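# Report on the structure
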Amino acid sequence: MNIYEEGKKVSLITILINVILCLFKVIAGIVGKSSAMIADGIHTLSDVITTVMVIIGLKIANKKEDAEHPYGHERFEPVYAKIISSLLLITGIFIAYEGVKVLRSGNYSTPGTIALIAALVSIITKEIMYRYTIHTAKKIHSISMEADAWHHRSDAFSSIGTFIGIFGARAGLKVLDPLTSIVVSFFIIKVAIDFYIKSVKELVDTSADEEIIDTIKEETLKVNGVESISDLKTRNFGSKVYVDIEIFVDSKITVEEGHKIATTVHDNIENKIENVKHCMVHVEPFYS
């Protein structure tokens, strides 16, 4: 199963669960008279939208190179991650707004038992969905799916706050129901901002992790004929890494021998190091 198909399978499963969960939470919020639960249900609806965008992003990012995009389409994924982060931010702001509106109106109500049950079901379900999605996201190195996984966990956080608020409101502290929805919204907003920044970094040629850079150096220096490394540059390209490396070889060897050494370095880096899509090797003469 390729990256797109694997990501699509997980995404379709989470969409189905989210639709069912959203309907359950909104109905429970209306029947149970809980503003926090209704807001929580709307948050779950936003999960459906973002997961659809993950599927689209993965499909585009895994398209082969073409005349207009000779380096591939991997950078489309962080673009979609930015959109998902923006939607998550809007969701957080909306939940905070609804909570403030209830606080200002003073129209507090005592939530019903069904709202409490819905919150508990949501906490368990969304945490399972987070773990399921984040496992696949890291396996296929998908930033948009990772952002979507955290969207699931933010919903779990939201439901924890909702549970506390409903429980407190039923115990007599009615103000806790809208108050907790505001507190939870700040967690959602923070996750949105963090992933927006992370997706931007993948669009501005940020270098690869130190671990990958160290592995590139190790694999290069293992090659017989490489005297040392003159220069090494890496850049993230969506979920892939591009490498530009300059190596020193003995100035007395032939061009053909130097080319063979460079080819070995190139093949080792591209074949042995995960996520390296392209490596450019430049040869410099080493004078002993």
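Note: the structure precedes this text.
Here is what the cut-offs are and how they apply
Residues numbered from 1 in each chain as written. Predicted model: local features only at pLDDT ≥ 70, side-chain atom pairs only at ≥ 80, totals over all residues. Heavy atoms only, no water. Axes fitted to C-alpha atoms, helices over the stretch in contact; angles between N-to-C directions. Helix = DSSP H or I, 4+ residues; strand = E, 2+ residues; numbered from the N terminus. Parallel < 35°, antiparallel > 145°, perpendicular 65-115°, else oblique. Left-handed = near helix turned anticlockwise from the far one by under 90°. Contact = heavy atoms within 4.5 Å. Nonpolar A, V, L, I, M, F, W, Y, C, P; charged D, E, K, R; others polar. Patch = residues over 30% accessible without salt bridge, like charges linked within 9 Å, V, L, I, M, F, W, Y side chains within 5 Å. Areas by Shrake-Rupley, 256 points an atom, 1.4 Å probe, with all protein chains shown as cover. Salt bridge = Lys/Arg side-chain N within 4 Å of Asp/Glu carboxyl O. Lys, Arg positive; Asp, Glu negative; His and termini not counted. Charge placed at Lys NZ, Arg CZ, Asp CG, Glu CD. Buried < 20%, exposed > 50% of the residue type's maximum accessible area, 1.4 Å probe, protein only. Pairing = 2+ DSSP bridges. Right-handed = clockwise from strand over helix to strand, strands pointing away. Expected span 1.5 Å × (residues − 1). Arc of directions from axis to C-beta.

### Brief notes about the packing of helix α7 (residues 210–221) against helix α8 (residues 255–272)
Running from N to C, α7 and α8 point in directions that differ by 140°, and their axes come no closer than 9 Å. Between α7 and α8, the crossing angle belongs to the class labelled oblique. The two elements α7 and α8 meet at a crossing, and its hand is right-handed. Residues Ile216, Glu219 and Thr220 of α7 form the contact with α8, whose own contacting residues are Val265, Asn268, Ile269 and Lys272. Each residue belonging to the contact of α7 with α8 can be placed in one class, and the counts come to 3 nonpolar, 2 polar and 2 charged.

### Digging into a negative patch on the surface
Judged by side-chain charge, Asp209, Glu210, Glu211, Asp214 and Glu218 come together as a negatively charged surface patch. Along the chain, the position of aspartate 209 falls in the loop between α6 (176–201) and α7. Relative accessible area serves as the criterion here: at 55%, aspartate 209 is assigned to the exposed category.

### Notes on the pairing of strand β2 (residues 240–250)
Across 10 bridges, the pairing between strand β1 (residues 226–237) and β2 is antiparallel. The residue of β2 that forms the bridge with phenylalanine 237 is lysine 240. Summarising the sheet, β2 and strand β3 (residues 276–286) pair through 10 bridges and their orientation is parallel. Bridge assignment links isoleucine 247 to a residue of β3, and that residue is valine 283. Between the parallel pair β2 and β3, the chain is carried across by α8, and the sense of this crossover is right-handed.

### Some thoughts on α8
The terminal C-alpha atoms of α8 lie 25 Å apart, and with 18 residues this matches the ideal 26 Å at 1.5 Å per residue to within 8%. Looking at α8, one finds that the buried residues are Gly258, Ile261, Ala262, Val265, Asn268 and Ile269. The buried residues of α8 occupy an angular sector of 125° when the element is viewed end-on, so they sit on one face. Pointing more than 90 degrees away from the buried face of α8 are the exposed residues Glu256, His259, Lys260 and Asn271. For α8, the secondary structure elements touched by its buried residues are α7, β1, β2 and β3.

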